[in-house]
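Structure at a glance
Chain residues, written in single-letter form:
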Amino acid sequence: MQIQQALQWAAGQFTHSDTAALDARVLLCAVLEQTQTYLYTWPDKLLSEAQQQRFNQMVEQRAQGRPVAYITGSRDFWTFTLNVSDATLIPRPDTEILVEEALRRLPDGPSAICDLGTGTGAIALALASERSAAQVTGVDFQPEAVMLATANAAALNLTNVRFIQSSWFDSLAGQQFDLIASNPPYVEQDSEYLQQGDVRFEPDSALTSGADGLDDIRLIISSAPAHLLPGGWLLLEHGYAQDHAIRELLEQRGFSQITTARDLAGQPRVTMGQLDNPS
Ligand code: GLN
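A brief structural summary. Computed from a predicted model, the values in this text were never measured in an experiment. (Residues numbered from 1 in each chain as written. Predicted model: local features only at pLDDT ≥ 70, side-chain atom pairs only at ≥ 80, totals over all residues. Heavy atoms only, no water.)

**Some details on the overall build of the protein**
Secondary structure assignment for the protein yields ten helices and nine strands. The C-alpha atoms of the protein give 20 Å as radius of gyration, which agrees with the globular expectation for 279 residues (19 Å, within 12%). Structurally, the protein occupies a C-alpha span of about 65 × 40 × 30 Å along its principal axes. The buried share of the protein, reckoned over its 279 residues, is 49%. Sequence-distant contacts in the protein: of pairs separated by 6 or more residues, those separated by 24 or more amount to 64%. Carbon together with sulfur atoms contributes 47% to the accessible area of the protein, which is approximately 13100 Å² in total. Placing the 17 positive and 34 negative side-chain charges of the protein at their respective mean positions leaves the two points 3 Å apart. (Helix = DSSP H or I, 4+ residues; strand = E, 2+ residues; numbered from the N terminus. Rg over C-alpha atoms; globule rule 2.2 N^0.38 Å. Buried < 20%, exposed > 50% of the residue type's maximum accessible area, 1.4 Å probe, protein only. Contact = heavy atoms within 4.5 Å. Areas by Shrake-Rupley, 256 points an atom, 1.4 Å probe, with all protein chains shown as cover. Lys, Arg positive; Asp, Glu negative; His and termini not counted. Charge placed at Lys NZ, Arg CZ, Asp CG, Glu CD.)

**A word on the packing of helix H1 (residues 3–13) against helix H4 (residues 49–63)**
Running from amino to carboxyl end, H1 crosses H4 at an angle of 25°, the nearest separation of the two axes being 9 Å. Taken together, H1 and H4 sit at an angle that is classed as roughly parallel. Judged by the sense of rotation from one axis to the other, the crossing of H1 with H4 is right-handed. Residues Ala6, Trp9, Ala10 and Gln13 of H1 touch H4, and the partners they reach there are Phe55, Asn56, Val59 and Ala63. Grouping the amino acids of the contact of H1 with H4 by side-chain chemistry returns six nonpolar, two polar and no charged. (Axes fitted to C-alpha atoms, helices over the stretch in contact; angles between N-to-C directions. Parallel < 35°, antiparallel > 145°, perpendicular 65-115°, else oblique. Left-handed = near helix turned anticlockwise from the far one by under 90°. Nonpolar A, V, L, I, M, F, W, Y, C, P; charged D, E, K, R; others polar.)

**Looking at unusual backbone geometry**
Look at Glu33: it is not a glycine, yet its phi comes out positive at around 55°. Take Glu33: it is sitting in the loop between helix H2 (20–32) and helix H3 (36–41). Backbone geometry places Gln257, a non-glycine residue, at a positive phi of 55°. Locating Gln257 in the fold gives a position in strand S8 (residues 255–262). Note on Gln257: relative accessible area 52%, which makes it exposed.

Written out as structure tokens, the structure reads:
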């Protein structure tokens with residue numbers, strides 16, 4: 001098959017996907033080890049037999065619903081490509097909003113940053129790459145995630161970030177930061193959303209958090225003040241209907257400058273606050 005035919009055929013198999021044509025391009029790029037520009041430049045080029053076989057296998061997996069990032073083993077985030085595995089959540093473009101909001105609040109000089117529930121390391125790595133004088137600590141309770149994030153840091157040559165195994169703040173006793181960021185699990189346990197699309201393949205531990213989805217966020221907000229330096233910031237990603245509850249929780253815990261940023265679809269997505277008087 002030619003590149004163009006292969007793309008058309010594959011996209012036609014992905015009837016369940018909202019991004020069928022893009023899925024096909026990303027998979028073919030992975031097989032050919034080329035960028036998408038190459039696909040547009042050489043639409044008539046024939047796939048080798050080995051390439052065709054590999055592509056067919058990938059298309060079959062995608063047709064069965066498996067997320068593209070788990071099939072290729074990688075996903076673009078911020079300015080780089082991350083290795084992913086099915087032990088972690090696949091990084092989302094919406095999380096780049098959290099990174100942008102964090103960068104607005106971080107000094108150019110030295111700072112201490114923490115990313116809770118780091119998964120692939122996405123947030124920690126993006127902040128470490130933009131703030132070379134910062135020391136970034138990413139934690140995850142899953143050893144597989146810690147290994148994956150550590151490998152991602154090495155692949156990106158980032159030396160100002162370390163990853164440790166910890167359930168939220170459990171292994172961070174006595175440590176304080178200028179900024180704590182987290183994209184914790186926040187989906188309601190019984191949400192119908194979990195039965196559809198790519199999230200069916202992602203780990204429940206990275207997605208759900210109790211009946212209202214706020215169990216982990218409550219825990220993080222209540223423990224954060226002890227781990228923030230004076231003037232330190234806490235930034236949390238959350239679901240589109242959770243911003244009111246989270247602003248209230250932050251206020252109760254003594255945070256000020258509380259604001260919510262919207263995601264690419266215009267929904268409330270990241271809520272943050274500053275701590276004046278750490279306890
Ligand atoms: N933002 C994710 C989604 O919409 C949910 C991930 C999370 O709970 N942190 O699928």
